[in-house]
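Chain residues, written in single-letter form:
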Amino acid sequence: MDPQLEEPDLRSYLGVIARRRWLVILTTVLCVGVAVAVSIIPEPQYRVRAQVSTTGAADHVAMIFGASGSVDLERQAVNQLTYVGSSEVRAAVARAYDGSLPDSDVWRVNVTEVKRGDPNKTSSIVELSLVSTDPAAAATLVNTYARTYVSLRAAKDQEALLTTKERLNSLLRETEQRIEEVMAPVREIDAQIAEGRGDPATLLAQREATMEGLAPELQPLQSQASEIRNLLGDLNLGIELAPGGGAELLSPAWAPDTPVNRNIPLNLAIGLVFGLFLGAVLAFVRDYFDDSVKTKEMAERVTGVATLGLIPKIEGQDDLVTATHPTAPAAEAFRMLRTSVKFLGVERQVRVVQVTSPSPGEGKTMVAVNLAVAFAQAGDRVVIVGGDLRRPRMEEVLEVPLTPGLTAVLIGDVTLPQAIQSAPAVPNLSVLPAGQPPPNPSELLSGERARRLIDVLGQTYDVVVVDSPPVLPVSDALVLARMADTTLLVTSANKTSKRSLTRAVELLRQMDAPLMGTVMNSLSAEETFSGEPYRYEAVSTPARHASRRGAPSNGRHGRGWDDEGDPDAEWAPVAQPRAGD
């Protein structure tokens, strides 16, 4: 992750999202696409619902059995909630249902309580629901389920009432028989009084004494008999008032018009939010494991030198942007790099500028060519040397022949003036091509002739730009670094790794190379602090231009061009190496 995140702030996090914006966008689009697919591709599903009441305070059957308290009613509600979803009820529903849905859908009916009031208490209202592709058939099945449960509950309640009534009648008969047995002495005295077999006053007194003696045993039996008769009356009343039992269908199921799996706005919102969240997570994970150099601060921290240039991506333009699009932000960035390199020469002479990179494909040739053009556009006499003898590309960008070039000069086939060419589209810019790739580039560049050649170029031109091979694959750049006044190390944003950049700096330090700064390439416009081109529309005076056209043109350092305009015409050819060199 970006070292700036070692002290994270909102700007650092937003920077990670901005760098990985395409990953975030792609993840979000993918999640939204999945949400759309989930909403459109599957067959529409509909949810049908019905509500039944299992018990309540007005349940006459519950009151008959003494379930009048809240605790008893809640216990009964818990039992009924279990019973509604039991296998007994579902099997009965399967036998009663004759619709188009398979019997297995009976077991898919969901039974849930409808919470009302205290959430800690079990509700007596139960919802039956089913999700199906056929809403009408599903409504029929759910209604069959509800009515079957109500019928089963009614049958069970009626059965319980009848069973209880039979048991109470049997108990009443037993109690009455016991009362008859206890009252046998009294009835015998009553028979004597009715037959006139004794003194009536004596018999009445005897009867009262007998009743008084039997009272402790007789009164409990009579009370029990009276209570049983009251219960039997309540049972008969309950049978008349609640013929359907304690359950009833509150809200029957109906076929809905809106599917539950095609809520496109909701699904899109969920997909968008989840995609943004997942994309951000992936962006931070990718950024954490990404070892590439992303910012100017990171490059300076790794190399220990200043970043002299921030070059934006050149999109839709050729590599020679300073000549073909001089008002583009990239061209202005190269002019700023030119100024930074010139300021390096305030305290020390900087004529030979080596441009290299840690690895191939990081834009070193493009930087070298545009930097040379920027110097030439400022009036300096510049020569760019194709020092990459293995994979020369500078000649293709400047549209000059590859041969004769540096290789031919170093082996003595041609003289230096014969090898130097003029860039067709850029005044003040000369080109020393790389030439035909030799079999031993490192040995050829490390010889004394190469050093003398660079010295001659530095004495003849204001600026010598050397396009060197990358540092890590070959040793050519390290050999050329000893001949340069300053070395610029080009990095490619989000491509050059910190490990390769660190190793390249180590190798250059070991060779005591004059590494003065880095150039970060392929940055966005925001990262280079540049945007639209900023230019002045100057109004010139014809008289001044006419006077200037008649003025002589001289080099910035007093070096004049010869009559043919070729600064190399006065060069002496480089001597051939003596035997034994």
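Quick notes on the rules
- Residues numbered from 1 in each chain as written.
- Predicted model: local features only at pLDDT ≥ 70, side-chain atom pairs only at ≥ 80, totals over all residues.
- Heavy atoms only, no water.
- Helix = DSSP H or I, 4+ residues; strand = E, 2+ residues; numbered from the N terminus.
- Buried < 20%, exposed > 50% of the residue type's maximum accessible area, 1.4 Å probe, protein only.
- Phe/Tyr/Trp six-rings, centres within 6.5 Å; stacked < 30°, edge-to-face > 60°.
- Pairing = 2+ DSSP bridges.
- Axes fitted to C-alpha atoms, helices over the stretch in contact; angles between N-to-C directions.

This next bit is on the environment of L457. Counting through the fold element by element, L457 comes out in helix α18 (residues 448-460). What makes L457 buried here is its relative accessible area of 0%. Taking the C-alpha atoms as reference points, L457 and L416, 41 residues apart in sequence, are found 9.4 Å from one another.

Overall, the coordinates contain 1 aromatic pair when judged by the stated rule. Relative to Y149, the ring of Y83 has its centre 6.1 Å away and its plane inclined at 50 degrees; by these criteria the two rings are tilted. One end of the pair, Y83, is in helix α4 (residues 70-84); the other, Y149, is in helix α6 (residues 135-182), with 66 residues separating them in the sequence. This pair shows no difference in class: Y83 is buried, exactly as Y149 is.

A word on the environment of G379. Here G379 lies in the loop between α13 (364-377) and β7 (382-386). The spatial distance from the C-alpha of G379 to the C-alpha of P427 is 8.7 Å, given a sequence separation of 48 residues.

Further remarks concern the sheet that holds strand β1 (residues 46-53). On the basis of which strands lie adjacent, the open sheet formed by 4 strands has the order β2-β3-β1-β4 and antiparallel pairing. Looking at the sheet topology across the chains shown, the edges are occupied by β2 (110-113) and β4 (248-251). Between one strand axis and the next, the sheet turns through 35 degrees on average, direction left out of account. Sheet topology note: the β2/strand β3 (residues 125-132) ladder contains 4 bridges and is antiparallel. Looking across to β3, one finds that V111 is bridged to L128.

Right, let's get into unusual backbone geometry. Here T403 and P404 are connected by a cis peptide whose omega angle stands at -5 degrees. Mapped onto the elements of the fold, P404 is located in the loop between α14 (394-398) and α15 (406-411). Its identity is not glycine, yet N428 carries a phi of approximately 70 degrees, on the positive side. In this model, N494 sits at a positive phi of 65 degrees, which is unusual for a non-glycine residue. Assignment of secondary structure puts N494 in the loop between β11 (486-492) and α20 (498-510). Judged by its relative accessible area of 40%, N494 is partly exposed.

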